[in-house]
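Observations on the three-dimensional arrangement
Listed below, chain by chain, are the residues.
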Amino acid sequence: MTVALLQISEPGLSTAPHEHRLAVGIDLGTTNSLVATVRNGISVVLNDEHGRALLPSVVRYLPDGTVHVGGEAQREQSTDPANTIVSVKRFMGRGLADIGDISGLPYRFVDAAATGAGQTPGMVQLRTAAGIKSPVEVSAEILKALRSRAEQALGGELVGAVITVPAYFDDAQRQATKDAAKLAGLNVLRLLNEPTAAAIAYGLDNAAEGVYAVYDLGGGTFDISILRLSRGVFEVLATNGDSALGGDDFDHRLYCWLLEKNGLSALSARDTRLLLTRSRAAKEELTEHAQTRITSVLGNGEVMDTTLTQQEYHDMTQNLVARTLQPVRRALRDAGLKVEDIKGVVMVGGATRMPQVQRAVAEFFRQVPLTNLDPDKVVALGAAMQANVLAGNRGEDDWLLLDVIPLSLGLETMGGLTEKIVPRNSTIPTARAQEFTTFKDGQTAMSIHVVQGERELVSDCRSLARFELRGIPPMVAGAARIRVTFQVDADGLLNVSARETGSGVEAHVTVKPSYGLSDAEVARMLQDSYAYARDDMSARSLAEARVEGQRLLEGAHAALQEDGAALLQPEELQAIELLAEKLQQTLAGDDIAAIKRATDMLNQGTVEFASRRMDRSVRKALTGHRLDELEA
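Report on the accompanying structure.

What counts, and at which threshold
- Residues numbered from 1 in each chain as written.
- Predicted model: local features only at pLDDT ≥ 70, side-chain atom pairs only at ≥ 80, totals over all residues.
- Heavy atoms only, no water.
- Salt bridge = Lys/Arg side-chain N within 4 Å of Asp/Glu carboxyl O.
- Helix = DSSP H or I, 4+ residues; strand = E, 2+ residues; numbered from the N terminus.
- Buried < 20%, exposed > 50% of the residue type's maximum accessible area, 1.4 Å probe, protein only.
- Polar contact = N/O pair within 3.5 Å; in protein donor to acceptor, adjacent residues only side chain to side chain.
- Contact = heavy atoms within 4.5 Å.
- Pairing = 2+ DSSP bridges.
- Axes fitted to C-alpha atoms, helices over the stretch in contact; angles between N-to-C directions.
- Expected span 1.5 Å × (residues − 1).
- Core = buried A, V, L, I, M, F, W, Y, C linked by side-chain atoms within 4.5 Å.

**A word on the pattern of salt bridges**
It is possible for side chains bearing opposite charge to pair when their charged atoms get close. Inspection of the entire model under this criterion finds 21 salt bridges. Ionic pairing is found between D80 and R60, a salt bridge with its closest N-O pair at 3.0 Å. Of this pair, D80 sits in the loop between α1 (71–74) and β7 (84–86) while R60 sits in strand β5 (residues 58–61), and the two are 20 residues apart along the sequence. A salt bridge links E608 to R612, with the shortest nitrogen-to-oxygen separation between them at 3.2 Å. Of this pair, E608 and R612 both sit in helix α15 (residues 607–622), four residues apart, which is roughly one turn of the helix.

**Details of the environment of G555**
Tracing the backbone through its elements, the reader meets G555 in helix α12 (residues 533–567). Expressed as a C-alpha distance, the spacing of G555 and K440, which sit 115 residues apart in the sequence, is 9.1 Å.

**So, unusual backbone geometry**
Notably, S87 is not glycine yet its phi reads approximately 50 degrees, a positive angle. Tracing the chain through its elements places S87 in the loop between β7 and α2 (96–99). Note on S87: relative accessible area 10%, which makes it buried. The phi dihedral of R366 falls on the positive side, at around 60 degrees, and the residue is not glycine. Tracing the backbone through its elements, the reader meets R366 in the loop between α9 (355–365) and α10 (378–390). Owing to a relative accessible area of 63%, R366 belongs among the exposed residues under this scheme.

**Brief notes about the side chain of T586**
Mapped onto the elements, T586 comes out in helix α13 (residues 570–587). By relative accessible area, which is 13% here, T586 ends up buried. Here the side chain of T586 touches K582 through a polar contact of 2.7 Å, landing on its backbone oxygen. Look past the residues within four positions of T586 in its chain and what remains in contact with it is A594, I595 and A598.

**Topic: the sheet that holds strand β8 (residues 108–110)**
The strand order across the open sheet formed by three strands is β8-β9-β10, and the pairing between neighbours is antiparallel. Two strands in the sheet have a free side with no partner beyond their single neighbour: β8 and β10 (131–133). Averaged over neighbouring strand pairs, the angle between their axes works out to 40 degrees when direction is ignored.

**Here we look at the environment of T437**
Along the chain, T437 turns up in the loop between β23 (430–436) and β24 (445–452). Between the C-alpha atoms of T437 and A480, which are 43 residues apart in sequence, the distance is 5.3 Å. Discounting residues that sit within four places of it in the chain, T437 has contacts with M446, G478, A479, A480, R481 and I482. Of note is the side chain of T437, whose polar atom sits 2.6 Å from the backbone oxygen of A480.

**Some details on the sheet that holds β24**
Whenever strands of a sheet pair, they do so through backbone hydrogen bonds, lying parallel or antiparallel. Read across the open sheet, the four strands follow the order β21-β20-β24-β25; overall the sheet is antiparallel. Whereas interior strands pair on both sides, the edge strands pair on one side only; in this sheet they are β21 (417–422) and β25 (462–470). The mean angle between the axes of side-by-side strands here comes to 30 degrees, regardless of whether they run parallel or antiparallel. Pairing analysis gives five bridges linking strand β20 (residues 409–413) to β21, with the strands arranged antiparallel. Paired with T413 across the two strands is L417, which belongs to β21.

**So, helix α4 (residues 171–183)**
Between the first and last C-alpha of α4 there are 18 Å, a value that for 13 residues agrees with the 18 Å anticipated at 1.5 Å per step. Those residues of α4 that fall on the buried side of the exposure criterion are D171, A172, Q173, R174, Q175, A176, T177, A180 and A181. After α4 finishes, the residue G185 shows a positive phi value of roughly 80 degrees.

**Some remarks on the nonpolar core**
Ranked by internal contacts, the top residues of the largest apolar core, which has 45 residues, are Y215, I226, I342 and F365. At nine residues, helix α8 (residues 310–335) tops the list of elements feeding residues into this core. Grouped together as the second largest cluster of nonpolar side chains are 41 residues, V59, I85, M92 and A140 included.

Quick look at the structure:
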């Protein structure tokens, strides 16, 4: 039996044998949300009073301050689109500029910079009949409804919840999710990647062993994770995905087809929402039927009546399905595996019910995917199992979860280079440290720039945070030792600290950017890291050569100014100055080999000068001292 490190409790906080702490797993989805718990050792989804498991992730605000959540709000999304927020998960941790084209959306967006106190800085806001609301506040209403459902079903107060997020949610999106939970009165035990939660549910339910792929196509995002399950240990080997691809995109493709088919354009917000709703219904109908009929009465009285076959729908969405397989290939490559190494494929998310998706996945992996657990419920079920463990409720099965971070974390170094400290797909929680030093003599401060991404140059990565370490004792360049430590917690959130080891001066930052990556940026980062690998290495080599040449040039100039006249003959001084001038000219170009040659020539040309400076320093240190004093 594997020891579950996650079950270790603080003294006095362990659960008594007769006591069961109430904890839940929450799948906060783009389209629908669920809450689950563990009862009698079995993970179950909690239904509402009408027996429905799925809570539509829809929130409507009324002028009197009343808030409708779920089905009641969903029924009004076409009649009151501006005040009925759907797919709010796509706005979590996003700035207005990150959303892209907002012309087809019925909302009244507000730039966060223009909002007042109490609003989340940098994150987009929405103007509703009840005032300006942030995506965090909207998500909190959904979480409040789930919390109320759970407490009524379980008959007590919750000790905490595990909330799932897409594997490709960045730091800002994860923090926004935690903020929403706090606003809803929930204690977050952990944020858990959605594919990992699904693997937990399948792994424990089927007593699985081996390497599994989790294909997660949700309402707003696509994730693929490769996991190894062995003797109760869940180890994520690699993760990849597309943060701008989900079921909503399939709905939008069908919506655009309807516009073209019926010669429609410039629709009102009400008609746009109406047709998107009809598109979603048609998508679900075509999952089990060969054709469907789409009818709507538009605001101007025009009647739309269109028949769509399953084959037509498959043809118009085939490129979306193909887009999901690109991250799958990258994840397999990152894990060092081939298709034949995958023992099973777990399907997660309602969008995986589409026949064309299941067919494409089966063809790619050469096996029928696993669908014996409801793809809408599997994430919540796994999250509930994790919550049960973290709450201290010991079961018969002990297990350990090893998750990973999706993108590398590092620092900017001289020359605009990225030094990766925590490589992507590193198991979390983790702490990594690396030592750096000063570039100039007498340097007493250092600027720390934290970045995220896979490229070699900082300009091609995403900036996360900046802070300064001050109070470094003045020393010659390269003498100071600054130890920079990265700590990534189990939720994937980052803390960075810097400490000068000699004096003990220290500075740190909790990375909490005001808003996250643009919709396609995470996927683009990974794609670019492959596409531009050769160019990046050339650029890095050039930058490193320039930094080394500039360091030598500055050192030579300082030495000549201090001792050149005293220790060198005029012709020797002139020769070194010519070599320095040559290097200065070469540094302005892009010829790496020429820069290295000029650097080596100056380095060799100053060897004798450096030797004379060392001899003079030694003689000066020995002058006036007896041998016995030196020995002592």
